[in-house]
Amino acid sequence: MAGDWGTGSNGFTTNNDVAKWDGGTATVSSKYQYRRVKVRTSPWGVPLTEARHLFDNSAMSIYGVRPSKFAITIQRAEYRDMSDNLVEVCKFNGAGSYTLQPLIYDFIWHDPLAGALLPDTDYWLDLYDNSPDGSAFPVMLTRYLAGECSTTGNSDLSLTTPNKTQVFTPIGGMFGPSCFLAKGCPAGRAVALLIGTSIADYTTDGVPFINDRGVSGFIQKGLNANSQGARIDVFSAARFSTNMSTVYQDNLGDGQSGVNGPTRSLVTHLKAIFGALGQSKPPFNVVVSEHGRNDVNRGFAAMKIVATAMYNAIRQAWPGIPIAQTTTPPSTNFGGAPSNNTAWTTEADQTADANNGTTGSWADWTAWVLAGGDGLINVSIDSAAPIRNGSKWKEQSFSATFLDAAAQSLDLRTATVRLSAQAPVGATLVFEPGTANTGSSGLDFQRSYNVLTTAANANGGFDTTLRPASRSPSFADFTKSGGPSYQLQYGHAAGATVKLSLTNDGIHPNEMAQGLMAAQVTAAKPAIASLAAAYEAAA
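Residues numbered from 1 in each chain as written. Predicted model: local features only at pLDDT ≥ 70, side-chain atom pairs only at ≥ 80, totals over all residues. Heavy atoms only, no water.

> Help me understand the packing of aromatic side chains, please; the structure alone is not making it clear to me.
Given two aromatic rings, one states the distance between the centres and the angle between the planes to describe the pair. Applying the stated criterion across every chain yields a total of eight aromatic pairs. Taking the centre distance of 5.9 Å and the plane angle of 65° together, the rings of Phe55 and Phe92 count as edge-to-face. One end of the pair, Phe55, is in strand 4 (residues 49-56); the other, Phe92, is in the loop between strand 8 (86-89) and strand 9 (98-100), with 37 residues separating them in the sequence. For the pair formed by Phe55 and Phe92, the shared burial category is buried. (Phe/Tyr/Trp six-rings, centres within 6.5 Å; stacked < 30°, edge-to-face > 60°. Helix = DSSP H or I, 4+ residues; strand = E, 2+ residues; numbered from the N terminus. Buried < 20%, exposed > 50% of the residue type's maximum accessible area, 1.4 Å probe, protein only.)

As structure tokens, this is what we get:
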């Protein structure tokens, strides 16, 4: 769009097989933004009435929910069907626009739509907004506290001025709706609130590994699977780098007093935004927690204290609500020499610190969760079971060789390699034998590649398309200064060995591991649904 307007975004798209928010051609001087978001209604089988979106001028940080420092004016929001026909213009307290104020956790639900949305149907939500303080590229906005980027490299969201430069960011940051609700959900149907860390917030599970309904993340996929009972819809409040204290502790200390103001806990903020709907019970009837990984280094005794406080805060906010808790994957370093392609491919080459070992707080936490957490946990989900052996990432039996030589200049965004065996889609292949570790930030990006597709080659073997592995496959690109690129860093002769791992960094499960973990969540669906229905009936 011309003039002061930023470009439109079609939401979650792919660019060279990497998930990203489509920033298009917006410029750093764009103070008006347009965004198009696809809305997929739930498959409840009945029309959805009083549908509404939440627009929130704050965001979850690693220290809790923080208010934005910048006012945002929603100029227009409208629903369109997939043929681009106008369905309804959204109103805000009867008006066609609304300005969200800064520093006060301002939010608004647009007025309930007068019409009914069809179930299991795609719609567009078109949003026009502006900020008088200016902005940046749609995928790189610090003003909305969603773009984890800054000119100083500070990922703490504590800037006092808008970011007006192109800065690499792992998570999209364009302002938009943060929650969708509607009436029409059948009585007794389970709907989950998800809380957790980067392991649960899509960070290591992105395009093209989303399911048929556009869902990614092992808990979301597991609950949304159309097996073991009806799909369970999820409201995700998981956020990378958070921990249990973020869920329940207001004004969590962050060393930034006065910069962004005090923080709210997630429970405090959710109580406020859902309380504004004027109903006595929340729009969910079960809480699923993945928290644990970012609390392990506290030591197990301290973990139990903060876990108990977290569960109690949730039940104080929503008395009697059932809680499901998952186990967390291992955390290890690989001990193989840089000349070996063994990064997390063998158990023998992995090491763990005292907190993450077989006798550390990670092991004690796993046992405590599976034992019901002193009666605080209603459903224990051993999601990490398929991917661990003891406290190590489970070794995979896969091994293959290059059937053709691969030149160092090979660009894995567009090219394929031919391997002797068929690698699982979503797995991480590890190679670069005989070379030094030149990875970035201590990780071995150049030697690890995620499998996108695989197909038999008429001349033998399997054509395998890859992309550079990262802790976050949703990163927009890997070409920032000093970082890895899409190209192979070293050439490979035919016969070079390729191995497989379930992680790219020793902490986060890759897409293959996320799929294995999702199956564990799916198996727990009947227990979750039963408890959710009982809670809703009692509430």
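So that's the structure; there's more coming.
> Can you walk me through the environment of Phe398 in this structure?
Inspection of the secondary structure assignment puts Phe398 in the loop between strand 21 (392-393) and strand 22 (399-401). Sequence separation between Phe398 and Ser501 is 103 residues, and the spatial gap between their C-alpha atoms is 8.9 Å. If we ignore the near neighbours within four places in the chain, the residues touching Phe398 are Ala421, Gln422, Ala423, Pro424, Leu429, Val498, Lys499 and Leu500. (Contact = heavy atoms within 4.5 Å.)

> Even after reading the chapter, I still don't get the packing of helix 4 (residues 300-317) against helix 5 (residues 361-370), so can you show me in this structure?
In a pair of packed helices, the angle between the axes and the distance between the axes together describe the arrangement. Between helix 4 and helix 5, whose axes approach to 9 Å, the crossing angle comes to 40°. Relative to helix 5, helix 4 is oriented oblique. For helix 4 against helix 5, the interelement crossing comes out right-handed. Only Ser361, Asp364, Trp365 and Trp368 of helix 5 make contact with helix 4, whose side of the interface consists of Phe300, Met303, Lys304, Ala307 and Tyr311. (Axes fitted to C-alpha atoms, helices over the stretch in contact; angles between N-to-C directions. Parallel < 35°, antiparallel > 145°, perpendicular 65-115°, else oblique. Left-handed = near helix turned anticlockwise from the far one by under 90°.)

> Is there a simple way to explain unusual backbone geometry in this structure?
Apart from glycine, the bulk of residues carry a negative phi angle, and the bulk of peptide bonds sit in the trans form. Within the chain, Asp84 stands out as a residue other than glycine whose phi angle is a positive 75°. Examined against the element boundaries, Asp84 turns out to sit in the loop between strand 7 (72-81) and strand 8. Its relative accessible area of 37% is what places Asp84 among the partly exposed residues. One non-glycine residue, Asp120, lies in positive phi territory at about 50°. Topologically, Asp120 is positioned in the loop between strand 10 (107-109) and strand 11 (122-130). Overall, the relative accessible area of 38% leaves Asp120 in the partly exposed class.

> Teacher, can you tell me more about the pattern of salt bridges here?
Should the charged atoms of two oppositely charged side chains come close, the side chains can pair. Evaluated as defined, the whole model comprises seven salt bridges. Linked by salt bridges that have partners in common, Arg76, Glu78, Arg80 and Asp126 make up one network. (Salt bridge = Lys/Arg side-chain N within 4 Å of Asp/Glu carboxyl O.)

> How do you make sense of the nonpolar core when you look at a structure like this?
Soluble globular proteins tend to bury their nonpolar side chains together. With 49 residues, the main nonpolar core has Ile219, Leu223, Phe402, Leu429 and Ile528 as its most contacted residues. When residues in this core are grouped by element, the largest group, five residues, is from helix 6 (residues 511-523). Ignoring sequence-local partners within four residues, the contact set of Ile528 consists of Leu223, Ile232, Val286, Ala324, Val379 and Ile381. Core analysis: the next-biggest nonpolar cluster, separate from the first, contains 42 residues, Val65, Ala237, Phe274 and Ile314 among them. (Core = buried A, V, L, I, M, F, W, Y, C linked by side-chain atoms within 4.5 Å.)

> Just checking my understanding: could you explain helix 3 (residues 266-275) for this structure?
Given 3.6 residues per helical turn, the α-helix brings residues three or four places apart onto the same face. All of the buried residues along helix 3 are Leu266, Val267, His269, Leu270, Ile273 and Phe274. Buried residues in helix 3, looked at end-on, bunch into an arc of 160°, giving them a common side. (Arc of directions from axis to C-beta.)

> What am I meant to see in the confidence of the model for the chain here?
Do not read the predicted coordinates in detail wherever pLDDT is low. The pLDDT averaged across the chain works out to 77; a share of 72% of its residues lies at or above 70. In this model, residues 255-259 is a region of pLDDT below 50 whose contacts with residues beyond four sequence positions or in other chains number six contacts. Throughout residues 433-446 the model reports pLDDT below 50, and contacts reaching past four residues in sequence, or to other chains, amount to 33 contacts. (pLDDT = per-residue confidence, 0-100.)

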